[in-house]
Amino acid sequence: MRLRNVPGSREAIAEHPLCILEENPQAGNWHTVFGNNHPIHIEVGMGKGQFITTLAQQNPEINYIGIEKYSSVLIRALEKTDALETLPENLRFVRMDAENICNMFAEHEVDRIYLNFSDPWPKDRHAKRRLTSRQFLERYHNILKEEGRVIFKTDNRPLFDFSLEEVKEAGWTLEKSTFDLHHSEYVEGNIMTEYEEKFVAKGNPICMLQIFLQEDK
């Protein structure tokens, strides 16, 4: 998918009070950024921000960080946030490539990672770019607390099947899994993204998994 450039988006992002730039990493410093010691949940590839903004409003006792690679997409999330009555104090955004996520977060600093409708990178030679590849799972392992979870949703069945295999090969524990989230026991409390709303309206099943990595004792 080709993304349309939004003139001035990079400048607006750099100046926004809720934005952190990739060149200004906060690894080990996020509790200072937020001014508290609340748990940290991040969404990798947050798109236009509906999911993470909703969570931040519903859960003031949790700090949320949305990561988005493309300025033209992140600027839409900022516009949505700016339209709220007040800016959520427990929400920040980072414009960065997810491959560099270990530069932005310290070891065991993150409590939960959300992956929603990630780019499937359908060609085999691009498998390591998928956000559920074993390469990315290793990155998540580095920044997650021992009890931390990764939660992944997608409408792409081949990507989901790939993800299940990667979870197994990487030694993670599959805690929850469904091929049809909205007709499963796990739908209660589910927050939908913009993409998810469109897919559900069309009757497309949504796959979901939740995983964790048990440290060796």
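Asker: How would you sum up the side chain of Arg130? Please name residues and give values.
Answerer: Along the chain, Arg130 falls in the loop between strand E5 (110-116) and helix H6 (134-143). Here Arg130 occupies a buried position and makes no salt bridge, while the nearest side chain of opposite charge, Asp124, is found at 4.4 Å. A polar contact is formed between the side chain of Arg130 and the backbone oxygen of Trp121, at a distance of 2.9 Å. One polar contact links the side chain of Arg130 to the main-chain carbonyl oxygen of Lys123, over a distance of 3.4 Å. Residues contacting Arg130, with those up to four places away along its chain left out, are Pro120, Trp121, Pro122, Lys123, Asp124, Phe136, Leu159 and Phe162.

Asker: Before we move on, could you go through the packing of aromatic side chains and cite the residues and values that matter?
Answerer: Here the structure, examined in full by the defined rule, presents eight aromatic pairs. Their ring planes at 20° and their centres at 5.5 Å tell us that Trp30 and Phe105 sit as a pair that is stacked. Of the two residues, Trp30 is situated in helix H2 (residues 30-34) and Phe105 in the loop between helix H5 (101-104) and E5; the sequence distance between them amounts to 75 residues. Ring centres of Phe160 and Phe179 lie 5.5 Å apart, and the angle between their planes is 80°; this geometry places the pair in the edge-to-face category. Pair noted here: Phe160 is in helix H7 (residues 157-169) and Phe179 is in the loop between strand E7 (173-178) and helix H8 (194-201), with a separation of 19 residues, a long-range link.

Asker: Hey, could you go over helix H4 (residues 71-82) for me, with residue numbers and the actual values?
Answerer: Over its 12 residues, H4 extends 16 Å from the first C-alpha to the last, a length consistent with the 16 Å expected when each residue adds 1.5 Å. Listing the buried residues of H4 in full gives Ser71, Ser72, Val73, Leu74, Ile75, Ala77, Leu78 and Thr81. Buried residues along H4 sit in contact with helix H1 (9-15), strand E1 (19-21), helix H3 (50-58), strand E3 (63-68) and strand E4 (91-95).

Scoring rules and cut-offs
- Going along each chain's sequence as written, the residues are numbered from 1 onward.
- Per-residue local features of the predicted model are confined to residues with pLDDT of at least 70, and side-chain atom pairs are confined, for both listing and counting, to 80 or more; whole-chain, interface and lining totals are unaffected and use all residues.
- Side-chain metrics rest on all non-hydrogen atoms present in the structure, leaving aside hydrogens and water.
- By definition, any uninterrupted DSSP run of H or I lasting at least four residues is a helix, any uninterrupted run of E lasting at least two residues is a strand, and each is numbered from the N terminus.
- Working definition: with a 1.4 Å probe on protein chains only, accessible area under 20% of the residue-type maximum means buried, over 50% means exposed, and in between means partly exposed.
- Charge convention: Lys and Arg are scored as positive, Asp and Glu as negative, and His as well as the terminal groups of each chain are ignored.
- Within this document, salt bridges are pairs made up of a side-chain nitrogen of Lys or Arg and a carboxyl oxygen of Asp or Glu, the two lying within 4 Å of each other.
- Polar contact criterion, stated in full: a pair of N or O atoms within 3.5 Å, where within protein one must be able to donate a hydrogen and the other to accept it, and residues adjacent in sequence count only if both atoms are side-chain atoms.
- Residues are treated as being in contact if the distance between any of their heavy atoms lies within 4.5 Å.
- Aromatic pairing here means that ring centres of Phe, Tyr or Trp (its six-membered ring) are within 6.5 Å. Orientation follows from the plane angle: under 30 degrees is stacked, over 60 is edge-to-face, and everything else is tilted.
- To estimate how far a helix should extend, the number of its residues minus one is multiplied by 1.5 Å.

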